[in-house]
Amino acid sequence: MDPIDAAEFALSLPEVNPNAPSPARIYDFLLGGSQNFEADREVARRAADTMPTLVGAIRANRAFLRRVVRHLAGTLGVDQFLDLGSGVPTVGNVHEIALAINPAAKVVYVDIDQVAVAHARHLLADLPSVTVILADLRRPETVLKHPLTERTLDLSRPVAVLMNAVLHFIPDDEHPERIVADYVAAAAPGSYVAISHAAPDLTHAAEQEEMLDDYRRSTRVPFINREPEQVTAWLDGLAIQPPGIVLVDQWHPDLNVTQAKILRTYGVLARIPEH
Ligand SMILES: C[S@@+](CC[C@H](N)C(=O)[O-])C[C@H]1O[C@@H](n2cnc3c(N)ncnc32)[C@H](O)[C@@H]1O
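This one's a predicted model, so the numbers in the text were calculated from it and none came from an experiment.

### Some words on the overall build of the chain
In step 1: Broken down by element type, the chain carries 11 helices and eight strands.
In step 2: In terms of C-alpha radius of gyration, the chain reaches 18 Å, essentially the compact-globule figure of 19 Å for 275 residues.
In step 3: Based on the C-alpha atoms only, the size of the chain along its principal axes is roughly 50 × 45 × 40 Å.
In step 4: Per-residue burial for the chain yields a buried fraction of 43% across its 275 residues.
In step 5: When contacts within the chain are restricted to residue pairs at least 6 apart in sequence, those whose partners lie at least 24 apart make up 73%.

### Overview of helix α6 (residues 114-124)
In step 1: Within the span of α6, buried status applies to V115, A116, V117, H119 and A120.
In step 2: In this structure, the buried side of α6 is in contact with α2 (23-30), β2 (106-111) and β3 (130-134).

### Considerations on α2
In step 1: By the criterion of burial, α2 is predominantly enclosed, with eight of the eight residues buried.
In step 2: Within α2 the residues assigned to the buried category are P23, A24, R25, I26, Y27, D28, F29 and L30.
In step 3: Looking at the buried positions of α2, the neighbouring elements they touch are α3 (38-50), α4 (54-75), β2, α6 and α10 (205-219).
In step 4: Positive phi shows up at G32, right after α2, with a value of about 95°.

### As for the pairing of strand β4 (residues 160-164)
In step 1: With five of its five residues buried, β4 lies for the most part within the structure.
In step 2: By the alternation rule, side chains of β4 split into A160, L162 and N164 and V161 and M163, which are all buried.
In step 3: Two strands pair when backbone bridges link them, and strand β1 (residues 80-84) and β4 are joined in this way by three bridges, in the parallel orientation. Looking at the pairing, F81 lines up with A160 of β4.
In step 4: Looking at chain direction, β4 and strand β5 (residues 192-198) are connected through five bridges and run parallel. Its bridge partner lying in β5, A160 is registered against Y192.
In step 5: Handedness of the β-α-β unit built from β4, helix α9 (residues 176-186) and β5 comes out right-handed.

### Structural notes on unusual backbone geometry
In step 1: Residue P243 is bonded to the preceding P242 through a cis peptide linkage, with omega at 10°.
In step 2: When you line up the elements, P243 lands in the loop between β6 (239-240) and β7 (246-247).
In step 3: Within the chain, H175 stands out as a residue other than glycine whose phi angle is a positive 55°.
In step 4: On the secondary structure map, H175 appears in the loop between β4 and α9.
In step 5: Notably, R220 is not glycine yet its phi reads approximately 60°, a positive angle.
In step 6: For R220, the position within the fold is in the loop between α10 and α11 (228-233).
In step 7: Its 9 C-beta neighbours within 10 Å are what place R220 among the exposed residues.

Conventions used here
Residues numbered from 1 in each chain as written. Predicted model: local features only at pLDDT ≥ 70, side-chain atom pairs only at ≥ 80, totals over all residues. Helix = DSSP H or I, 4+ residues; strand = E, 2+ residues; numbered from the N terminus. Rg over C-alpha atoms; globule rule 2.2 N^0.38 Å. Buried ≥ 20, exposed ≤ 12 C-beta atoms within 10 Å, placed from the backbone. Contact = placed C-beta atoms within 7 Å. Pairing = 2+ DSSP bridges. Right-handed = clockwise from strand over helix to strand, strands pointing away.

Here it is in structure tokens:
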């Protein structure tokens, strides 16, 4: 798809302000995507200048998402996916990987960003088994009871709930543990939860804070780094799958090569046990 023309796109989506940087579009630019505006690119460039390990971490995070979906659809036989905070669709989307393994797979994408959702709808128009909804994952009830979710997914059967690089936008006082628990409660036994989450950088704490201060100020969105133990605490009662919570590039790597210099981001897959 061609790069978006900011003015033209803003006219087609009057509620989108191209001058207000958005996490979805900043991330899209850092991944090499085209669905972003100059205001997003400015924040992204400043972030990558301050924290050169950021881009590697973002790409490693996206590669983790692809591998986790391949593992779920292939090895574990999961055929339904609820991707919360799915972002702007880029190469190697969840549905592309799942459908390549199982053409009967179903995918619901959920994002709060108008541009991400509009672009996804455009890409997915011809795929009845894949849908995208504009919703806030902090309202599990709204997501789960959305008519398109209900039409696409059968929650009485196992589903993979993906929360990749999104829970860091939810501060403790908005209770991410309750949000995760609500999705777990709605999913059938034998379902899976996959999470990736940014962690504090131990050696470049000052640069990371400078980058995040700018990011938070520019996007007006909170960003909270968490240690891996804080993330696994949300998965209490679930069976954490091997290799546990690890740096994303160490989770079932395709090649046994890890990138030494990426910002810490952890990934984990857990199974909801049968009672
Ligand atoms: C960093 S991107 C991650 C995209 C994708 N999950 C991945 O890991 O490649 C985070 C996405 O979460 C979305 N997001 C942030 N807060 C959200 C919320 N409360 N509900 C739904 N989506 C949200 C953003 O708009 C953005 O597209």
